[in-house]
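# Fold and contact review
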Amino acid sequence: MAQSFRTHTCGELRSSNVDQRVMLAGWVHRRRDHGQLTFFDLRDRYGITQVVTSADAQPAAHEAARDVRNEWVVQVEGVVRHRPEGTVNAELGTGEVEVAVDRLTVLNPAKVPPFYINEDQAGLDEALRLKYRYLDLRRPAMQARLILRARLSSAMRRALEDEGFVDVETPTLIRSTPEGARDFVVPSRLQAGHFYALPQSPQQLKQLLMVAGYDRYYQLARCYRDEDQRGDRQTEFTQLDLEMSYVAEADVMATVERMAIRISAETLPDRPILETPFPRFTFEEAMGRFGSDKPDIRFGLELVDVSEAVRGVEFRVFAEPIAAGGAVFAIRAPGCGSYSRKQLDELTDLARRHGAGGLAHLAVEADGSLRGPAAKFLGSAEGTMRAATGGEPGDLLLIVADADRRTAAESLGHLRLEMGDRLGLRSSPTLAYVWVHRFPMFTWDPEGDRWDATHNPFSAPVPEEIERMESDPGSVHAQQYDLALNGWELGGGSIRIHQRALLERAFALMGHSIEGMRDEFGALLDALEYGAPPHGGIAIGLDRWAALFADQENIREVMAFPKTQSGSDLMMGAPSLISPQQLGELHLQVVDSRERPG
């Protein structure tokens, strides 16, 4: 790392460098003035080195350091020496040595930062961090997360290229097509009234690359979706995009699994994978056992269908959903039978926020009997309920019933995660990968009066169910698969429809006319008639994977320059107004903008 301003980095010097003359450059991390001696911790992204100026030994250097403060950029020259006995810092790689400075040059002074860079600040306003993101990124914790992300990206590339994948870039100015979210659009200056769209994903382009014969494609693709943001979602993001030819569902899953195992071992060697091969659940199985299509399997508390256990019980909360074809699900929260009314109300509110009509709860008493508002209705079903859930004295049974089976499972699935957090069951550093596959191919949209694809419209149906596509679309499953990690969806993919006639049938179910199909998907439809091989792929969110590896709940913590919840860039001031001249060049007119100055 020797270059014009330094011979070594601030994380490089060791005892083997003692008596060497060195030159370092970096930021002042901390300054300690002891009168005749001044100590500085000098920092760069590689580490910290202690440097010392002495009024007696090198008065000029000591005088030059007199006004230096934290975050100033300085260059020092001097000789490496052992730290005095008793002052070794075992927490630093450089902690056995220091540099006796004989020359100090201020490369750039610094204003007092709006927040501490050399230590964590609890409750630091995120808006302030994003406005001064260049300072936030200077903090060691942020640098560690971005470097971890870079290691993850590098491991991805190595793993895929060793599997024979070819990195191909696809354009970011494409045609707007319906892919599930709103497009960001870009006006064309040369073709007035026409617009490009920024890609929500390279879906059609990667399929066209399979038609072109590239067999195994990948890229770290920038994608854009104009949708509401949350902790695991941003308007612009990066995904690992890949596609393979001549593959079945199991082939893609096996390839991705090998890659994920290798990447995890290279990037986080100290964090074990819970189970290999990765567990595989059908969509119905995942929903029935975990109440989620992205289950966190680091802990139990699995859902139990107790519909049969309470069938015939004269309790409307259970009886009416069962009569309507719904279900009653329960989970066992060990040791929580003494929960207070306040705690139970909190859980009830959580269940309601996620679609449940309410929450029934039963505590298991020391004699095995059940206590709770619903207990008096159970009668002989009390023992059956306890046996079905495995309830032990001191446990709490949480029960949700709904006429819609999925609503009951999903709402209780959220309670399962909440109880996992409360009981400390989700803090394990283990990497619990899991596959979920065989999703329903279509969901009914009552407002649009049509069927919609559950993933994307290009997913292939399970072959033996194709004949039911028109007669019973809701019973058809797609060759779709999601990879989840610790309760987060990492990515999803599918085997694609590679025959034009079948793709047109799927589009027709989703309300597309023949003319509309040709207008929006003409290139892909035409390509399928020129020898398209069977193919499939997956897209995995790099931001989400990095956040999980870094133990962060918000992907903004692993992105260099993210947007706020409202999609704003507080540092650059985007989005912004543009000048009348730019509007004219793009053939645009702002009809109503209250922010535009008069």
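See the structure above.
All of these numbers come straight from a predicted model, not from anything done at the bench.

## Focus: the overall build of the protein
Of regular secondary structure, the protein possesses 17 helices and 22 strands. Across its three principal axes, the protein shows a C-alpha extent of roughly 90 × 75 × 60 Å. Residue burial in the protein is summarised as follows: out of 598 residues, 48% are buried. Considering only contacts within the protein whose residues lie at least 6 apart along the sequence, 67% involve residues at least 24 apart. Carbon and sulfur atoms make up 50% of the accessible area of the protein, which totals about 28600 Å². Positive and negative charge centroids in the protein, built from 67 and 88 side chains respectively, lie 4 Å apart.

## Some words on helix H14 (residues 500-509)
Working note: α-helix, 3.6 residues per turn, so residues spaced by three or four point in the same direction. Buried within H14 are the following residues: Arg500, Leu502, Leu503, Ala506, Phe507 and Leu509. The elements touched by buried residues of H14 are strand S18 (442-445), strand S19 (450-453) and helix H15 (514-527). Just beyond H14, the residue with positive phi is Gly511, at close to 90°.

## A closer look at unusual backbone geometry
Put simply, Thr276 and Pro277 share a cis peptide bond, and its omega is -10°. With an omega of 0°, the peptide bond running from Ala574 to Pro575 counts as cis. The residue Pro575 is located in the loop between helix H16 (542-549) and helix H17 (580-585) in this model. Positive phi, normally seen in glycine, also occurs at Glu71, with a value near 75°. Along the polypeptide, Glu71 turns up in the loop between helix H1 (59-64) and strand S4 (73-82). Judged by relative accessible area, Glu71 falls into the buried class, the value being 4%. Phi is positive for Asp215, which is not a glycine, with a value near 65°. Structurally, the position occupied by Asp215 is in the loop between helix H5 (203-211) and strand S9 (216-224).

## Notes on the environment of Met23
Structurally, the position occupied by Met23 is in strand S1 (residues 21-33). The exposure class assigned to Met23 is buried, which follows from its relative accessible area of 16%. It is 6.7 Å that separates the C-alpha atoms of Met23 and Gly78, two residues lying 55 residues apart in sequence. Not counting residues within four places of it along the chain, the set of residues in contact with Met23 comprises Gln3, Ser4, Phe5, Arg6, Thr7, His8, Gln75, Val76 and Glu77.

## Focus on the nonpolar core
Val256, Met259, Ile263, Tyr433, Ile540, Trp545 and Phe549 are the most contacted members of the largest nonpolar core, which totals 62 residues. Not counting chain neighbours up to four residues away, the residues in contact with Ile263 comprise Leu152, Ala155, Met156, Ala159, Leu268, Trp545 and Phe549. The next biggest cluster of nonpolar side chains, apart from the first, holds 34 residues, and it includes Phe290, Leu303, Leu350 and Leu396.

## Comments concerning the sheet that holds strand S20 (residues 480-485)
Ordered in space as S6-S9-S10-S22-S21-S20-S17-S11, the eight strands form an open sheet in which the pairing is mixed. Two strands close off the open sheet at either side, each with one partner strand: strand S6 (166-167) and strand S11 (280-282). Against the sheet, H5 touches S9, strand S10 (236-245) and strand S22 (535-541), its axis set at about 25° to S10. Contacting S10, strand S17 (433-437), S20, strand S21 (488-495) and S22, H16 crosses the sheet at an angle of about 145° to S21.

## Some points on the packing of helix H7 (residues 283-290) against helix H13 (residues 405-422)
It is at 8 Å that the axes of H7 and H13 come closest, and there the two elements cross at 55°. Taken as axis vectors, H7 and H13 run oblique relative to one another. Counted together, Phe283, Met287 and Phe290 of H7 and Arg406, Ala409, Glu410, Gly413 and Arg416 of H13 form the full contact between these two elements. The residue makeup of the contact of H7 with H13, split by class, is four nonpolar, one polar and three charged.

Procedures and definitions
- Residues numbered from 1 in each chain as written.
- Predicted model: local features only at pLDDT ≥ 70, side-chain atom pairs only at ≥ 80, totals over all residues.
- Heavy atoms only, no water.
- Helix = DSSP H or I, 4+ residues; strand = E, 2+ residues; numbered from the N terminus.
- Buried < 20%, exposed > 50% of the residue type's maximum accessible area, 1.4 Å probe, protein only.
- Contact = heavy atoms within 4.5 Å.
- Areas by Shrake-Rupley, 256 points an atom, 1.4 Å probe, with all protein chains shown as cover.
- Lys, Arg positive; Asp, Glu negative; His and termini not counted.
- Charge placed at Lys NZ, Arg CZ, Asp CG, Glu CD.
- Core = buried A, V, L, I, M, F, W, Y, C linked by side-chain atoms within 4.5 Å.
- Pairing = 2+ DSSP bridges.
- Axes fitted to C-alpha atoms, helices over the stretch in contact; angles between N-to-C directions.
- Parallel < 35°, antiparallel > 145°, perpendicular 65-115°, else oblique.
- Nonpolar A, V, L, I, M, F, W, Y, C, P; charged D, E, K, R; others polar.

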